[in-house]
Amino acid sequence: MFYISETDYQLERLKNLGRLGAFIHVISSNDNYHPKLADTLAVYIRPIDSKYGYIIPIDHEEGLNVKKERVYDLLQGFSTLYTIDKKELLYHFNIQESIDLSLLYSMVKFDRLEYSKENSTINYFYHKHRDFKDINKLIPISKLYESCEKLYDQIKNVIKYKIPSGFDFYNTTAINVFYLIEQAGLGVYYEAYNELFKPRNPLYNTVNNTVLTYYNLYNITSRPTNSFNSVNYAAIPHSDKHRKAFKPLNDYFVEFDFDGYHLRLLCDQIDYPLNEESAHKQLAKLYFNKKEISDDEYSKAKQINFQAIYGKIPEEHAFLEVFEKIDKFIKDLWKKFEKKGKIEAPISKKPFTKQLKDMHPQKLMNYVMQSLETSRNILILKEVLRYLKNKKSKIVLYTYDSITFDFSKEDGKETLEDIKNILEEGKKYPIKFKYSNNLVL
């Protein structure tokens, strides 16, 4: 068949066709399985200037099958590679230079890239055998090819988009960080986990009493979500029974939690000094003009601070320096946005443009702060991952203002101190930590 490339001559010809770049899509053994548990069956390649694409079979009965290493060498020879999900691609081929089209679309259009690979034959097989790990081996390679051609037709225009500022930060640094975090997985009590969380099928992302998570960066602020197989790991219920379904694979879960994180990030932006004491308590002393704050006053101060972070500054406290600076920060952001048509977030330089709908000053400020939170976290996660490279302790869960580790006592207490120092950035962002033999932290 003309669209199958499996001989050396065909592969070399394909390499020459892709000099201007190509779109690639990996066909795994089962689309429902976590990519860490799925095998590589074939690779679809659509050279940018070609009228049709090609499939290289790697482990499919209808092809002669090309060694995966040979395909990897071929892919590295292309000038530019585009893919739907770069992080998923990394599970099959470590191609760092590829461009994530879903990420590109989300950063330009501030929306999710919608597409479908379905056709009647594929639907039939998945309806009958969706849980069979090698289901895509059963589907004729011609039908897999048709689904890839359909996919390309839906996303080909995104390839023409101009790369925005900040794209490389997320396409390279962020994707690699969350790919590495996903490798560890979360330990679970298998029966309890299945009963309480009800995944579609535990086989899709559970192996050896470990569930694999999957982070998605395709959101307006690039703040990642984390869900797979019908379970949202970024919003695990706080009930004891749900949290006791998880167990460390080493010795303890250790959660590092940032103190008043958004508030500190915002105060850093407006150059308002805070010390190591609780950020909420520091401002509570201003609100109530007291040195000692009660629990009730602390709770009220947290509410005031939360509202202020989202741009709703209380009138009775508007005269305070911190709120005057926040108000000026919001107004300056909006003025620049109106004048230049965009704002670039700190660190990542991610742009927020007038492509965004229903924007107003407070909403813009909130988007910028969420993006700042995410980009700073990505950088410190990168440093922690580098530090833990040769240790047993692993990052297993990231949820915005907290990071959970599966800690091994073999690494020693100094490991926790070193991690704390990395996260706090010279006491600038104080953290507290808790540990437990489950996620009731």
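Structural data are supplied above this passage.
The sections below set out a description of the structure shown in this document. (Residues numbered from 1 in each chain as written. Predicted model: local features only at pLDDT ≥ 70, side-chain atom pairs only at ≥ 80, totals over all residues. Heavy atoms only, no water.)

### A look at the nonpolar core
One broad rule of soluble globular proteins: the nonpolar side chains tend to lie buried together. Cut-off, in case you're wondering: Definition used in this section: a nonpolar core is a set of buried Ala, Val, Leu, Ile, Met, Phe, Trp, Tyr and Cys residues joined via side-chain atoms within 4.5 Å. Note on classification: 1.4 Å probe, protein chains only; a residue is buried when its accessible area is under 20% of the maximum for its type, exposed when over 50%, partly exposed between these limits. Under the scheme used here, helices are H or I runs from DSSP no shorter than 4 residues and strands are E runs no shorter than 2 residues, and both carry numbers assigned from the N terminus. The contact criterion used throughout is that any non-hydrogen atoms of two residues lie within 4.5 Å.
Counting residues in hydrophobic clusters, the biggest one holds 120 residues, and the most contacted among them are F23, F178, Y193, F246, V322, I395 and L423. Per-element tally for this core: the top contributor is helix α15 (residues 361-387), with 11 residues. Once you skip the residues sitting within four places of it in the chain, F246 turns out to touch L186, G187, V188, Y189, Y193, F197, V211, I236, F253, N437, N438 and L439.

### So, the packing of aromatic side chains
As a reminder, the rule being used: Each Phe, Tyr or Trp ring (for Trp, its six-membered ring) is paired with any other whose centre lies within 6.5 Å, and the angle between the two planes then decides the class: stacked below 30 degrees, edge-to-face above 60, tilted in between. Charge over a ring is defined by NZ of Lys or CZ of Arg lying within 6 Å of the ring centre and within 35 degrees of the ring normal.
In the structure shown here, the tally under the stated rule is 28 aromatic pairs. Measuring from ring centre to ring centre gives 5.4 Å for F197 and F246, while their planes differ by 75 degrees; the resulting arrangement is edge-to-face. A residue pair is termed long-range when its members are at least 10 positions apart, and F197 in helix α9 (residues 190-197) and F246 in the loop between α10 (240-243) and β12 (252-258) qualify at 49 residues. No difference in accessibility class separates F197 from F246, as the two residues are buried. Taken together, the aromatic side chains of Y3, F23, Y44, Y145 and Y152 make up a single cluster linked through ring pairs. The cationic tip of K87 hangs over the ring face of Y214; the distance from NZ or CZ to the ring centre is 3.2 Å.

### Focus: the pairing of strand β15 (residues 394-398)
Selection rule: One requirement defines pairing of two strands: DSSP has to find at least two bridges between them.
Along β15, 4 of the 5 residues are buried, which leaves the element largely enclosed by surrounding structure. Here 4 bridges tie β15 to strand β16 (residues 402-407), and the two strands are oriented antiparallel to one another. By the bridge assignment for β16, I395 is matched with F405. Between β15 and β16, which pair antiparallel in sequence order, lie 3 residues; one of them, Y400, sits at a positive phi of approximately 70 degrees.

### Considerations on a positive patch on the surface
The following threshold applies: To count toward a patch, a residue needs a relative accessible area over 30% and no salt bridge; like charges are then connected within 9 Å, while nonpolar side chains (Val, Leu, Ile, Met, Phe, Trp, Tyr) are connected within 5 Å. Using the Shrake-Rupley algorithm and a 1.4 Å probe, accessible areas are obtained, with residue cover drawn only from the displayed protein chains. Here, a salt bridge means any Lys or Arg side-chain nitrogen found within 4 Å of an Asp or Glu carboxyl oxygen. Only four residue types enter the charge count, namely Lys and Arg as positive and Asp and Glu as negative; His and the chain termini do not. A charge is said to be at NZ when it belongs to Lys, at CZ for Arg, at CG for Asp and at CD for Glu.
A cluster of like positive charges, contributed by K335, K336, K339, K340 and K349, occupies part of the molecular surface. Structurally, the position occupied by K339 is in helix α14 (residues 321-340).

Nothing here speaks to function; it is all geometry.
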